[in-house]
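Close look at the chain arrangement
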Amino acid sequence: MEKLRVGLVGAGGRGRAHANAIANAPNIEFVAVCDLDATAGEEVAEQYGSEYIANTSELYARDDIAAVGICVQTPSHHKMAMEALEAGRHLVTEKPMAASLSEAKEMVAAVAEAGVVAALSYQLRFGPVYAKMKELCEEIEPLQIFFARQRGMLVDKYMSPEPFDGIMDFISHDIDMVPFLAGRKPTALLASLQRDTWGNAGAIEVASVQIEFGSGDDKIVGCISSSMGGAGMPERLDVVGRNGIARKEGNSIYLAAGPNPPNPPEGARPPDPWCMCFEGEARDFTCDLYEHWAAAALDAEVPVAPAASYEDGYNALLLTLAIVESGTSGEKIELEEFAAAQG
Ligand SMILES: NC(=O)c1ccc[n+]([C@@H]2O[C@H](COP(=O)([O-])OP(=O)(O)OC[C@H]3O[C@@H](n4cnc5c(N)ncnc54)[C@H](O)[C@@H]3O)[C@@H](O)[C@H]2O)c1
């Protein structure tokens, strides 16, 4: 089997998951790992039998490395990605895409110019339950999508007032997932945010967001609810559609098909409208993401989707900034106007 020869940039906390995914993908050869921190880089290199490279200039001087995974902290994504694109390498970049929209725009343009396969690390898209929910959404015509993922306090390195830090870093996945499920372009949003509810770094710690897709009878509304005060709360993903309702519980999805569950006849035991239609499995979806991305890089016939493209990353960043703007001003944001105002 032809294998994509990949180098990893960044062997920190999240970099370990990338290393595991790269090492386990059957269509990837894990050639090298690059980190400014030699201890972190050498440790990962040794664990996976790959080579340690001290800096990215040396990495890109190696023409036997066709592609890279970029897993450095968000403010460095743009610099690291532009360097990789200039060297003509396929790449997976961690989310959120960049620290600003102008950076993200440059990255999208650079991918088009380089003609490489670029994906964002929104690995939930590869989770079997999320993929199944996406398929069901196409059948039941969503009216409302409710996605609630809670957590405890983030570690200090994510606690800053920046729009991509705090709970916004965590819900970056949700901000990608809700439009992915809706299958439509978001048109407007309204957000309520709270900073410093438990900490004191100025970080956003509580987020409640309502995103609209389309208008009038054709409207879908997506809700995202997340906070750092909800450790241990089960995740909720509920979709109410014109033609059915679906809910995710753990790795299972329950579906009640049809416009509305029928009312039981008088005195009869109500039928259970829920038929469990799907049982997924728990695993690190980053592995699936890398395998798919490598397949797309090796074969021009394989599309980047369902991986998030750089355009998807740009759209998620636009939503993120609009959420922060709405949470600050208290105003509903019309996204087309907002995007135009960003230049
Ligand atoms: N997709 C997810 O589920 C998920 C989960 C956690 C974090 N993340 C994202 O992953 C990214 C990295 O987060 P982290 O927690 O691993 O950060 P980290 O600080 O733990 O690791 C970053 C690593 O990059 C190295 N590095 C920095 N600049 C470098 C350079 N120029 N060349 C080579 N190495 C360099 C650092 O030495 C460090 O080891 C962030 O953007 C974060 O938002 C994504």
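Residues numbered from 1 in each chain as written. Predicted model: local features only at pLDDT ≥ 70, side-chain atom pairs only at ≥ 80, totals over all residues.

**Comments concerning the overall build of the protein chain**
For the protein chain, the helix and strand inventory stands at 11 helices and 16 strands. For a compact globule of 343 residues, the expected C-alpha radius of gyration is about 20 Å, and the protein chain comes in at 21 Å, within 12% of that figure. For the protein chain, the proportion of its 343 residues judged to be buried stands at 44%. Once local pairs closer than 6 in sequence are excluded, the contacts in the protein chain between residues at least 24 apart make up 69%. (Helix = DSSP H or I, 4+ residues; strand = E, 2+ residues; numbered from the N terminus. Rg over C-alpha atoms; globule rule 2.2 N^0.38 Å. Buried ≥ 20, exposed ≤ 12 C-beta atoms within 10 Å, placed from the backbone. Contact = placed C-beta atoms within 7 Å.)

**A closer look at helix H8 (residues 172-182)**
Every α-helix winds through 3.6 residues per turn, so residues three or four apart in the chain are directed the same way. Across the 11 residues of H8, 11 count as buried, placing the element largely inside the fold. Inspection of H8 places Ser172, His173, Asp174, Ile175, Asp176, Met177, Val178, Pro179, Phe180, Leu181 and Ala182 among the buried residues, and these make up the whole buried set. Remark: glycine 183 follows H8 within two positions and exhibits a positive phi of approximately 65°.

**Overview of the site of the ligand**
With respect to spatial proximity, 24 residues lie near the ligand, and among them Gly10, Gly12, Gly13, Arg14 and Glu94 are the closest. Grouping the constituent residues of the shell around the ligand by class yields 7 nonpolar, 10 polar and 7 charged. (Near = placed C-beta within 6 Å. Nonpolar A, V, L, I, M, F, W, Y, C, P; charged D, E, K, R; others polar.)

**Observations concerning the pairing of strand S13 (residues 252-257)**
It is a general feature of regular strands that their side chains alternate between the two faces of the sheet. Relative to S13, strand S12 (residues 244-249) runs antiparallel, the two being bridged by 6 bridges. Within S13, the residue paired with isoleucine 245 across the bridge is alanine 256. Here S12 hands over to S13 after 2 residues, with glycine 250 in that stretch at a positive phi of 60°. Two strands pair when backbone bridges link them, and S13 and strand S14 (residues 275-279) are joined in this way by 4 bridges, in the antiparallel orientation. (Pairing = 2+ DSSP bridges.)

**Let's talk about the packing of helix H4 (residues 77-86) against helix H5 (residues 101-114)**
At a minimum axis distance of 10 Å, the contact between H4 and H5 shows a crossing angle of 15°. As far as their axial angle goes, H5 and H4 are roughly parallel. Like other packed secondary-structure pairs, H4 and H5 cross with a definite hand, here left-handed. In this structure, H4 uses His78, Ala81, Met82 and Leu85 to contact H5, whose residues at the interface are Glu103, Glu106, Met107, Ala110, Val111 and Ala114. Partitioning the contact of H4 with H5 into residue classes produces 7 nonpolar, 1 polar and 2 charged. (Axes fitted to C-alpha atoms, helices over the stretch in contact; angles between N-to-C directions. Parallel < 35°, antiparallel > 145°, perpendicular 65-115°, else oblique. Left-handed = near helix turned anticlockwise from the far one by under 90°.)

**Concerning the domain arrangement of the protein chain**
With domains assigned, the protein chain is organised as domain 1 (4-124 + 285-309) and domain 2 (127-281 + 317-337). Taking the mean C-alpha position of each, domain 1 and domain 2 sit 28 Å from one another. Taken together, the contact between domain 1 and domain 2 spans 13 residues of the former and 13 residues of the latter. Per-class residue counts for the side of domain 1 that touches domain 2 are 11 nonpolar, 1 polar and 1 charged. (Domains from an automatic or database assignment.)

**Looking at the sheet that holds strand S5 (residues 90-93)**
Spatial ordering of the open sheet is given by S3-S2-S1-S4-S5-S6-S15, a layout of 7 strands whose pairing is mixed. Where the open sheet ends on each side, the last strands, each with one partner, are strand S3 (51-53) and strand S15 (308-309). Two elements, S5 and strand S6 (residues 118-120), share 3 bridges in a ladder whose sense is parallel. Looking at S6, one finds that threonine 93 is bridged to leucine 120. The sheet strands contacting helix H2 (residues 38-48) are strand S2 (28-34) and S3, and the helix crosses S2 at an angle near 155°.

**Focus on the sheet that holds strand S10 (residues 220-227)**
If you walk across this open sheet you meet the 9 strands as S14-S13-S12-S11-S7-S10-S9-S8-S16, and the pairing is mixed. Two strands close off the open sheet at either side, each with one partner strand: S14 and strand S16 (333-334). Here strand S7 (residues 142-148) runs beside strand S11 (residues 236-241); their pairing, made up of 6 bridges, is antiparallel. Counted as the bridge partner of isoleucine 145 is valine 239 from S11. Across the sheet, helix H6 (residues 128-140) lies against S7, S11, S12, S13 and S14, angled at about 170° from S12, the strand it touches most. In the packing of H8 onto the sheet, the strands contacted are S7, strand S8 (186-195), strand S9 (204-213) and S10, and the crossing angle to S7 comes to about 160°.

**Notes on the nonpolar core**
Nonpolar side chains tend to gather and get buried jointly when the protein is soluble and globular. Ranked by internal contacts, the top residues of the largest apolar core, which has 101 residues, are Ile70 and Met133. At 10 residues, helix H10 (residues 310-329) tops the list of elements feeding residues into this core. Setting aside chain neighbours within four positions, we find isoleucine 70 in contact with Val9, Gly10, His77, Met80, Ala81, Ala84, Leu91, Val92, Thr93 and Glu94. (Core = buried A, V, L, I, M, F, W, Y, C linked by C-beta atoms within 7 Å.)

**Considerations on the environment of tyrosine 130**
Note on placement: tyrosine 130 falls in helix H6. Separated by 122 residues in sequence, tyrosine 130 and serine 252 place their C-alpha atoms 9.9 Å apart. Setting aside its immediate chain neighbours within four residues, tyrosine 130 contacts Leu124, Arg125 and Met177.

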